[in-house]
Amino acid sequence: MNKTYRKVILGLLIAALVLGGLALFLRYAVFQGMMASKEPRSNTQCQTEERVFDEANVLADEEEEELSALIEEKEKMIGADIVLLTIREPEIDDYYTIRDYAQNWYETNQFGWDKPNGDGIIYVDNWANGYCWLCTTGRPTQKLDDNTIQFIIDRTNENVNEDPCAAYETMIKTTAEEMQNLNLFHFRIGNLWLLLIALAVAAIFAACNLIGNRGQVTTGKSTYVPEGGVKINRRQDIFLHSHVTRVKVESDHDSGGHGGGGDIGGTGGHGGGGGRH
């Protein structure tokens, strides 16, 4: 391997690391940092500080403590309550019923970061039949659209039957991440993919450089220029008139998709979506 190619490969790796590091910095330090909550919790009417209610008994005591600590950390970051409720209720056997149950439970306990029934989410998982619902209220309703809610539910249900604690940890972290994302930069790209993309960009840049070096000019300025110089005749184009026609294009805007529960959304100021595992 000659020195030129070694330099190219080394430059490629350095460029990939720099671009990947910059992408990660922008993702976490800038975009998510800009969305971090600056306001303390102001709801004084909620009568409980608990956030994990394991009525279905699928979590160990230490797992409940771990999830509670994680929720406390993420709540301060996003400025919204995060509530997890597991139940075993066979009669709650469709999306409409579990939606209403989640909304009523949130309202009854007066959850909300800024006020009762204010900013926050509640995730209800019914272990009697696998129906689950992610209910949003206040600001999370604006930040988490139907597709995002379905993304959170799908990620949670990937391993909830095998490891409920890990699944709920995923739900909490993913919800917080999506709440902090700027809509303009709303990408769901993993860290490994960021580095691979950076490597690909660096490879393209290096390839263009190599091609440019191979195609260096071998002729001098006198190759095609006769002795005595070049005679240039002056030419001028004069445009007397210019006319631009603008046509307005009409377009229809379709609404976004819905979660696993179909087109049932939320009621009474709530949003949300459901799934089943």
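As the structure is a prediction and not an experimental result, all values here were calculated from the model. (Residues numbered from 1 in each chain as written. Predicted model: local features only at pLDDT ≥ 70, side-chain atom pairs only at ≥ 80, totals over all residues. Heavy atoms only, no water.)

Chemist: In this structure, what is going on with the side chain of Thr 174? I would like to understand it.
Modeler: You can see Thr 174 is positioned in helix α6 (residues 164–180). In this structure the side chain of Thr 174 is engaged in a polar contact, spanning 2.7 Å, whose partner is the backbone oxygen of Thr 170. Leaving out residues up to four positions away in the same chain, Thr 174 has contacts with Phe 151, Ile 152 and Arg 155. (Helix = DSSP H or I, 4+ residues; strand = E, 2+ residues; numbered from the N terminus. Polar contact = N/O pair within 3.5 Å; in protein donor to acceptor, adjacent residues only side chain to side chain. Contact = heavy atoms within 4.5 Å.)

Chemist: Help me understand the environment of Val 160 in this model?
Modeler: Structurally, Val 160 is set in the loop between α5 (146–157) and α6. Judged by its relative accessible area of 0%, Val 160 falls in the buried class. A sequence separation of 35 residues divides Val 160 from Asp 125, and the C-alpha atoms of the two residues are 9.9 Å apart. Residue contacts for Val 160: discarding those within four places in its chain leaves Asp 125, Trp 127, Ala 167, Tyr 168 and His 277. (Buried < 20%, exposed > 50% of the residue type's maximum accessible area, 1.4 Å probe, protein only.)

Chemist: I tried to follow the sheet that holds strand β1 (residues 52–54) on my own but got confused; where do I start?
Modeler: Paired through their backbone hydrogen bonds, the strands of a sheet run either parallel or antiparallel. Strands sit in the order β1-β2-β3-β4-β5 across an open sheet of 5 strands; the sheet is mixed. At either margin of the open sheet sits one strand with a lone partner, and together these are β1 and β5 (270–276). Strand-to-strand, the axes of this sheet are offset by a mean angle of 10 degrees, without reference to chain direction. Inspection of the sheet shows strand β4 (residues 131–137) paired to β5 by 7 bridges, in the antiparallel sense. What sits directly across from Trp 133, in β5, is Gly 274. Lying on the sheet, α5 is in contact with β3 (120–126), β4 and β5; it crosses β5 at an angle near 35 degrees. (Pairing = 2+ DSSP bridges. Axes fitted to C-alpha atoms, helices over the stretch in contact; angles between N-to-C directions.)

Chemist: What should I look at first to understand the pairing of β3 in this one?
Modeler: The side chains of a regular strand alternate between the sheet's two faces. Burial of β3 is extensive: 7 of the 7 residues sit out of reach of the surface. Alignment of strand β2 (residues 81–87) against β3, held across 7 bridges, turns out to be parallel. The partner of Leu 84 across the bridge, within β3, is Tyr 123. Direction of pairing for β3 relative to β4: antiparallel, over a ladder of 6 bridges.

Chemist: Where do I start with the packing of aromatic side chains in this structure?
Modeler: Aromatic ring pairs are defined here through the distance separating the ring centres and the angle between the ring planes. The final tally for this structure, using the stated rule, is 6 aromatic pairs. Ring centres of Trp 105 and Phe 111 lie 6.2 Å apart, and the angle between their planes is 20 degrees; this geometry places the pair in the stacked category. The exposure class of Trp 105 is buried, given its relative accessible area of 15%. Its relative accessible area of 0% is what places Phe 111 among the buried residues. One aromatic cluster in this structure is built from Phe 53, Trp 105, Tyr 106 and Phe 111. (Phe/Tyr/Trp six-rings, centres within 6.5 Å; stacked < 30°, edge-to-face > 60°.)

Chemist: Is there a simple way to think about the pattern of salt bridges in this case?
Modeler: Oppositely charged side chains may form a pair once their charged atoms are brought near each other. All told, the structure shown has 7 salt bridges when counted by the stated rule. Where Asp 81 meets Arg 41, a salt bridge forms, and the shortest distance between an N and an O atom there is 2.7 Å. Placement of Asp 81 in strand β2 and of Arg 41 in the loop between α1 (3–34) and β1 is noted, with a sequence separation of 40 residues between them. Of the charged contacts, one joins Glu 72 and Lys 76 as a salt bridge, the two residues approaching to 3.8 Å between their closest N and O atoms. Taken together, the positions of Glu 72 and Lys 76, both in helix α2 (residues 61–78) and 4 residues apart, correspond to about one turn of that helix. Judged by relative accessible area, Glu 72 falls into the partly exposed class, the value being 45%. Three or more residues joined by partner-sharing salt bridges are found here, namely Arg 41, Arg 51, Glu 75 and Asp 81. (Salt bridge = Lys/Arg side-chain N within 4 Å of Asp/Glu carboxyl O.)

Chemist: It is not clear to me how the environment of Asp 145 should be interpreted in this structure. Could you clarify?
Modeler: Structurally, the position occupied by Asp 145 is in the loop between α4 (139–143) and α5. A distance of 2.7 Å separates a polar atom in the side chain of Asp 145 from a polar atom in the side chain of Thr 148.

Chemist: Explanation requested: helix α3 (residues 95–108) in the structure shown.
Modeler: An α-helix turns once every 3.6 residues. As a result, residues three or four positions apart point the same way. Across its 14 residues, α3 extends 20 Å between first and last C-alpha, which sits within 8% of the 20 Å expected from 1.5 Å per residue. Every buried residue of α3 is listed here: Tyr 95, Ile 98, Arg 99, Ala 102, Gln 103, Trp 105 and Tyr 106. In a view along the axis of α3, the buried residues occupy a sector of 165 degrees, so they form one face of it. Regarding α3, its N-cap is Asp 94, as a side-chain oxygen of that residue lies 3.1 Å from the backbone nitrogen of Tyr 96 further along. Two residues or fewer past α3, Gln 110 is found with a positive phi of approximately 55 degrees. (Expected span 1.5 Å × (residues − 1). Arc of directions from axis to C-beta.)

Spatial relationships are all this shows, so hold off on functional conclusions.
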